[in-house]
Amino acid sequence: MNNSKLKIKKKVKKHIPKDWLCELRILYRLTMETFYDIKRTGIVNLVIITTMAAILTIFGAFFRSAMSISAFAHELGNVLEISVYLKSGTDTNIAKNRIKEFEHVENVKIIPKEESWTNLQREMNLPDISNPLPDTLHVKVDKPENISSVFNNIKQLQSVEDMSYAQDLAKKIQALNHVVNTITVLVVIIMGILTITIINNTIQLVIQSRKDEIEIMRLMGVSNWYIRFPLIMQGAFYGFSGSLIAIIPLNFVQNGLNHMHQFFIVPAPLYAQSVVLFTMFAMGILFGAGGSFLCIKKHLQV
């Protein structure tokens, strides 16, 4: 019986013409209700926004630092090369073209044995003997994590006598990237838990202070979303305001990291600050609104 009533109600609603002016009035009233709720919360607003700003600053600083560390690791990985020593009599151009066909190979440079021998004689006092060095290829890989697979592919070529690369350094770079990414994820999880807890407690106080008013609204048949919306917007407001304040300390972090990039002559990540700010605002608003919504589900049966 109840299902049939709901179906009839939905059909009736579809045929009722929408009054956009009325919709705007409702939106205005909901917005004003949000500001009234914030005003009722009083000085507690400052505590919540300041706490949110601190949490978001920590998140933003970790996220921005993680981007810089990844940039340094990538730059360091770019100088890693695989040295391929060819067998005597091998055509270096054929070997070069064969290696360039492998996936993840970015560049192959030929180092003739005569050039290697001349450089070695210049650096060391060697006797006048015949050149014992082989022709060498320096293979550059697109990413440090792919160097091992490229190494194994080249190793299978019959023209290759021996190979070498800084294996320990490559592993350390991979481990560093893994640690940085793991820490960033943990910071996001901790930030989410703290934010939702703070917002949850705040909205719970608002619900308790407006309990009688909300009950009257429910008895009058007011829409559930009319009751929920101001509370959810209040949580989003805390996230947005905290993000605004967090911009100030994050600018100092950004400037410090930029100076570090300039000192080591490593390019800074492209659009790093914009990405961090967008992510921080998005997560602040999302977690703020999400904390309010969870509190409403738990403490308010609407």
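Counting starts from 1 at the beginning of each chain's written sequence and moves along it residue by residue. Only residues with pLDDT of at least 70 get local features here, since the model is predicted, and only at 80 or more are side-chain atom pairs given and counted; chain-wide, interface and lining totals rely on the full set of residues. The side-chain numbers reported here are obtained from all heavy atoms of the structure, hydrogens and water having been left aside.

Observations concerning the overall build of the chain
The way it works is that DSSP assigns letters per residue, a run of H or I at least four long becomes a helix, a run of E at least two long becomes a strand, and they are numbered from the N terminus. Within the chain, the secondary structure is distributed over 10 helices and 4 strands. Each residue is placed in one exposure class: buried if its accessible area under a 1.4 Å probe, protein chains only, is under 20% of its type's maximum, exposed if it is over 50%, and partly exposed if it falls in between. Expressed as a percentage of its 302 residues, the buried residues of the chain come to 37%. Accessible surface is estimated by sampling points in the Shrake-Rupley manner with a 1.4 Å probe; for residues, cover comes only from the protein chains shown. As presented, the chain carries roughly 19000 Å² of accessible surface, and 62% of it is formed by carbon and sulfur atoms.

Brief notes about the pattern of salt bridges
The working definition used for a salt bridge is a side-chain nitrogen of Lys or Arg within 4 Å of a carboxyl oxygen of Asp or Glu. Under the counting rule described, the total for this entry stands at 2 salt bridges. Among the salt bridges present, the one from glutamate 101 reaches arginine 98, with a minimum N-O distance of 3.3 Å. For glutamate 101, a relative accessible area of 60% puts it in the exposed group. Residue arginine 98 is classed as partly exposed on the basis of its relative accessible area of 39%. Residue glutamate 106 is joined to lysine 140 by a salt bridge in which the shortest nitrogen-to-oxygen separation is 4.0 Å. In this pair, glutamate 106 sits in strand β2 (residues 105-111) while lysine 140 sits in strand β3 (residues 136-141), placing the two residues 34 residues apart along the sequence. We classify lysine 140 as partly exposed; its relative accessible area is 25%.

Some remarks on the sheet that holds β3
In short, DSSP must find at least two bridges between two strands for them to pair. With antiparallel pairing, the 4 strands of this open sheet are ordered in space as β2-β3-β1-β4. For this open sheet the edge positions go to β2 and β4 (160-164), each flanked by a neighbour on one side alone. Taking the axes of each pair of neighbouring strands and ignoring which way they run, one obtains an average angle of 25 degrees across the sheet. By the bridge criterion, 6 bridges tie β2 to β3 in an arrangement that is antiparallel. Residue isoleucine 111 lies in a different strand from β3, and its bridge partner there is threonine 136. Residues count as neighbours in contact if any of their non-hydrogen atoms are within 4.5 Å of one another. Structural elements are reduced to axes, namely lines fitted to C-alpha atoms, with helices fitted over the stretch in contact, and the angle between N-to-C directions of any two is expressed from 0 to 180 degrees. The strands touched by helix α4 (residues 92-100) within the sheet are β1 (81-86), β2 and β3, with β2 carrying the most contacts at an inclination of about 165 degrees.

Section: the packing of aromatic side chains
For any pair of aromatic rings, geometry is given as the distance between the ring centres together with the angle between the planes. Think of it this way: a Phe, Tyr or Trp ring, Trp meaning its six-membered ring, pairs with another when their centres are within 6.5 Å, and the plane angle makes it stacked under 30 degrees, edge-to-face over 60, tilted otherwise. For the structure on display, the rule yields 3 aromatic pairs. An angle of 55 degrees between the planes, with centres 5.5 Å apart, marks the rings of phenylalanine 240 and phenylalanine 281 as tilted. Remark: phenylalanine 281 occurs in helix α10 (residues 272-299) and phenylalanine 240 occurs in helix α9 (residues 224-264); sequence separation between them is 41 residues.

Some words on the layout of surface pockets
Cavity means a closed set of points on a 1 Å grid over the protein atoms alone, one where a 1.4 Å probe fits but cannot get out, pocket means an open set with protein on both sides within 12 Å along at least 5 of 7 lines, and lining means a residue has an atom within 4 Å of a point. Grid points are joined across faces, edges and corners, and a volume is the space filled by probe spheres set on the points. If you add up the space inside the second largest pocket, you get close to 160 Å³. What lines the second largest pocket is simply Tyr85, Ile111, Ser116, Asn119, Leu120, Glu123, Leu133, Pro134 and Thr136. In terms of residues, the lining of the second largest pocket owes the most to one element, helix α5 (residues 113-123), which gives 4 residues. For the lining of the second largest pocket, the per-class residue count stands at 5 nonpolar, 3 polar and 1 charged. Each residue receives one of three labels: charged for Asp, Glu, Lys and Arg, nonpolar for Ala, Val, Leu, Ile, Met, Phe, Trp, Tyr, Cys and Pro, and polar for the others, Gly being one of them.

Describing the side chain of histidine 261
Inspection of the secondary structure assignment puts histidine 261 in helix α9. Note on histidine 261: relative accessible area 3%, which makes it buried. Look past the residues within four positions of histidine 261 in its chain and what remains in contact with it is Ser68, Ala71, Phe72, Val266, Pro267, Ala268 and Pro269.

Structural notes on the environment of leucine 30
By the secondary structure assignment, leucine 30 is in helix α2 (residues 20-41). Residues leucine 30 and tyrosine 226, 196 residues apart in the sequence, show an inter-C-alpha distance of 7.0 Å. If sequence neighbours within four positions are ignored, leucine 30 has contacts with Tyr226, Phe229 and Pro230.

Notes on the nonpolar core
Counting 31 residues, the largest nonpolar core has Ile48, Phe59, Met191, Ile199, Ile203, Leu231 and Met280 as its most contacted members. Contributions of two or more residues to this core are made by α3 (44-78), α7 (167-209), α9 and α10. Excluding anything up to four places from it in sequence, isoleucine 48 contacts Ile198, Ile199, Thr202 and Tyr238. One finds Leu80, Ile99, Val150 and Ile173 within the second-largest nonpolar core, a separate group that totals 23 residues. Each nonpolar core is a collection of buried residues, namely Ala, Val, Leu, Ile, Met, Phe, Trp, Tyr and Cys, held together in the definition by side-chain atoms within 4.5 Å.

Points about the side chain of serine 68
Relative to the helices and strands, serine 68 is located in helix α3. With sequence-adjacent residues up to four places away left out, serine 68 is seen in contact with Leu257, His261 and Pro269.

Focus on unusual backbone geometry
Of note, the phi angle at histidine 104 is positive, near 75 degrees, even though the residue is not glycine. Here histidine 104 lies in the loop between α4 and β2. Classification of histidine 104 by relative accessible area gives partly exposed; the value is 27%.

Here we look at the confidence of the model for the chain
The predictor attaches a confidence to each residue, and that confidence, scored 0 to 100, is pLDDT. A residue-level look at the chain finds 88% of positions with pLDDT of 70 or above and a mean pLDDT of 80. In the model of the chain, helix α1 (residues 2-15) stands out as the element of lowest mean pLDDT, 51, in contrast to α4, which has the highest, 89.

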